[in-house]
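# Reading the structure
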Amino acid sequence: MTTADHPLVARAHRLADDLLAPNAERVDQEGVPATHIAAVRRSGLLGLGAPKEYGGAAAPAAVARETAEILAGACCSTWFVQTQHHTPVKLLAASDRPVRERLLPSLASGELLAGIAFAHVRAFPRVPVRAVPERGGWRFDGTVPWYTGWGLNDVMLLAGVTDEAEVVFAFAEAREQPGLRPSPPMRLAALTAARTVSLRLDDLWLPGEAVVQCTPHERFEVLDRPRNTNASPAVFGVAYAALALLDGVPEAADTARALRGRLDDVRERAYALWDHPVPHAHLEERLALKTRSFDLMRTATTAAIVAGGGRSLDLGSRAQRLAREGMFLLVQGQTAEVRRAHLDHLAD
């Protein structure tokens with residue numbers, strides 16, 4: 001079976017064509033509705049990477065990338081809300097702690113939707129959220145600067161760092177509660193629709209059985225690095241969506257053809273490194289391909305705006321929405337290493 005033949009890829013295409021793409025401009029202005037999340041749940045895509053024995057699909061990485069491209073190209077806001085879910089699923093699948101049996105079946109089936117609150121760990125040695133052992137569990141204090149999917153997610157994967165530089169990952173209910181208070185929804189230049197807030201933690205206590213992993217920060221950095229040095233499938237999804245707009249403009253045919261050829265080449269090389277047996281190998285090449293994918297996404301969305309002319313300035317313009325979504329993807333999951341590489345590339 002090829003990636004294109006996989007049933008989850010077919011479901012992603014149906015979801016994108018029938019619901020996400022036709023409503024993307026409205027969602028961009030009004031927010032991701034619960035009905036979109038319900039459709040994602042029904043599609044089975046939330047169990048994409050979960051083990052089969054827990055009701056998941058255990059799909060290959062190539063299928064995960066393909067579905068991410070499809071969803072991000074159709075409605076980046078909806079993609080971004082649901083993509084948070086897959087990291088907690090992966091972490092639970094690799095865990096031997098009791099929380100695995102409690103949450104993994106519901107997350108694999110899509111009964112529960114998970115969000116993530118741990119990007120701040122990458123700010124170390126600054127510690128925005130501190131974890132302290134207390135009463136057989138853990139107390140979390142500080143501020144989670146970004147949390148996406150508030151009001152849509154059921155549970156969150158929260159992380160804090162101890163005084164001994166250990167990263168503690170634990171699950172909490174994604175709702176206001178004693179010790180956890182959300183900010184008002186953020187107004188952003190792109191993906192406001194994804195319902196992003198900050199979270200203030202004041203003595204939020206979670207029981208020991210809520211913990212899924214404790215790991216030294218040095219180990220977290222090693223495991224986290226490939227996630228950020230590889231080119232994102234969402235970048236390719238948005239770029240291809242922009243090129244599809246050019247296909248409908250006769251004078252843009254040559255531009256679309258040239259950019260699509262370059263994008264295909266970078267995508268093939270980037271995904272080959274995604275599949276490399278050593279995830280930390282060829283980091284410089286991974287970063288070079290990541291920054292090149294940014295270039296091509298930016299060029300493709302710019303070309304779509306140019307082809308659309310003055311109509312592209314309307315907030316209902318698909319080209320303009322894709323350009324703003326592309327701006328978001330330039331900094332999504334950004335680390336200091338990625339930022340340096342990108343700025344150095346832009347200076348060449």
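You'll find the structure just up there.
Now for a description of the structure that goes with this document. Computed from a predicted structure; not experimentally measured. (Residues numbered from 1 in each chain as written. Predicted model: local features only at pLDDT ≥ 70, side-chain atom pairs only at ≥ 80, totals over all residues. Heavy atoms only, no water.)

## Observations regarding the nonpolar core
In terms of nonpolar packing, the biggest core is built from 65 residues, with Trp79, Phe236 and Leu329 touching the most fellow members. Of all the elements in the fold, those that place two or more residues in this core are helix 1 (7-30), helix 2 (34-43), helix 3 (61-74), helix 4 (76-83), helix 8 (233-246), helix 9 (253-274), helix 10 (283-308) and helix 11 (318-331). Here this core takes 10 residues from helix 8, the largest share from any one element. When neighbours within four sequence positions are excluded, Phe236 is seen to be in contact with Glu69, Ala231, Leu263, Val266, Arg267, Ala270, Tyr271 and Ser293. One finds Tyr54, Leu92, Ala108 and Val212 within the second-largest nonpolar core, a separate group that totals 24 residues. (Core = buried A, V, L, I, M, F, W, Y, C linked by side-chain atoms within 4.5 Å. Buried < 20%, exposed > 50% of the residue type's maximum accessible area, 1.4 Å probe, protein only. Helix = DSSP H or I, 4+ residues; strand = E, 2+ residues; numbered from the N terminus. Contact = heavy atoms within 4.5 Å.)

## A few points about unusual backbone geometry
Each neighbour pair has its own omega, and for Phe124 with Pro125 the value is 20°, a cis peptide bond. Looking at the secondary structure, you find Pro125 in the loop between strand 1 (114-117) and strand 2 (129-134). Notably, Arg135 is not glycine yet its phi reads approximately 50°, a positive angle. On the secondary structure map, Arg135 appears in the loop between strand 2 and strand 3 (137-148). The exposure class assigned to Arg135 is exposed, which follows from its relative accessible area of 61%. Not every positive phi belongs to a glycine, and Asp203 is a case in point at roughly 60°. Examined against the element boundaries, Asp203 turns out to sit in strand 7 (residues 196-207).

## Some thoughts on the pairing of strand 7
Relative to strand 7, strand 3 is paired through 9 bridges, and the arrangement is antiparallel. Across the sheet, residue Trp138 finds its bridge partner in strand 7, namely Leu206. Across 3 bridges, the pairing between strand 6 (residues 180-182) and strand 7 is antiparallel. Bridge assignment links Arg181 to a residue of strand 7, and that residue is Arg200. (Pairing = 2+ DSSP bridges.)

## Some remarks on helix 4
Most of helix 4 sits out of view: 7 of its 8 residues are buried. Within helix 4, the full set of buried residues consists of Cys76, Ser77, Thr78, Trp79, Phe80, Val81 and Gln82.

## Some words on the pattern of salt bridges
In this structure the tally under the stated criterion is 25 salt bridges. Here Arg321 and Glu25 are joined by a salt bridge, their closest N and O atoms 2.6 Å apart. You can see Arg321 sitting in helix 11 and its partner Glu25 sitting in helix 1, a full 296 residues away along the chain. Using a relative accessible area of 14% as the deciding quantity, one classes Glu25 as buried. Measuring nitrogen to oxygen at the nearest pair gives 3.2 Å for the salt bridge that ties Asp202 to Arg200. Looking at Asp202, the relative accessible area reads 34%, which means it is partly exposed. What you see here is one network of salt bridges that share partners, running through Glu134, Arg135, Arg139, Asp141 and Asp203. (Salt bridge = Lys/Arg side-chain N within 4 Å of Asp/Glu carboxyl O.)

Everything listed here is a matter of geometry and, on its own, says nothing about what the molecule does.
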